Amino acid sequence: MGWPNDYKEEGSEGKPNGRKSTSPQEKEPSVFEDLAVAARGGFETLRPALQRVYVTRASAYRDALKRFIEGYEEGVQQVRKKK
């Protein structure tokens, strides 16, 4: 059974799995690659992968909203000081 990343790239000779290393450490698979591999394993492996995506996105949205609110409050305080 082949995996999505088992293809050969230029300059990838000498690597056991055909991947080209872009840094000293191996690059983590992208979200799409992770989901593709999980989908091949069926629903039991796809569900945890999807949950990781949702948790990551929810965390990013929460952090962005928190930073926006903090910035908004700072702006309101600056306007109040000017008056």
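This is a predicted model, so every value here is computed, not measured. (Residues numbered from 1 in each chain as written. Predicted model: local features only at pLDDT ≥ 70, side-chain atom pairs only at ≥ 80, totals over all residues. Heavy atoms only, no water.)

Across its full length, the protein carries two helices and zero strands. Taking as baseline every contact in the protein between residues at least 6 positions apart, the subset at least 24 positions apart corresponds to 24%. (Helix = DSSP H or I, 4+ residues; strand = E, 2+ residues; numbered from the N terminus. Contact = heavy atoms within 4.5 Å.)

This paragraph deals with the packing of helix 1 (residues 31-40) against helix 2 (residues 43-82). The interhelical angle for the contact between helix 1 and helix 2, taken along N-to-C directions, is 160 degrees, at an axis separation of 7 Å. The angle between the axes of helix 1 and helix 2 places the two elements in the roughly antiparallel class. Here helix 1 runs over helix 2; the crossing is left-handed. Contacts between helix 1 and helix 2 involve Val31, Asp34, Leu35, Ala38 and Ala39 from the former and Thr45, Leu46, Ala49, Leu50, Arg52 and Val53 from the latter. Taken together, the residues of the contact of helix 1 with helix 2 sort by class into eight nonpolar, one polar and two charged. (Axes fitted to C-alpha atoms, helices over the stretch in contact; angles between N-to-C directions. Parallel < 35°, antiparallel > 145°, perpendicular 65-115°, else oblique. Left-handed = near helix turned anticlockwise from the far one by under 90°. Nonpolar A, V, L, I, M, F, W, Y, C, P; charged D, E, K, R; others polar.)

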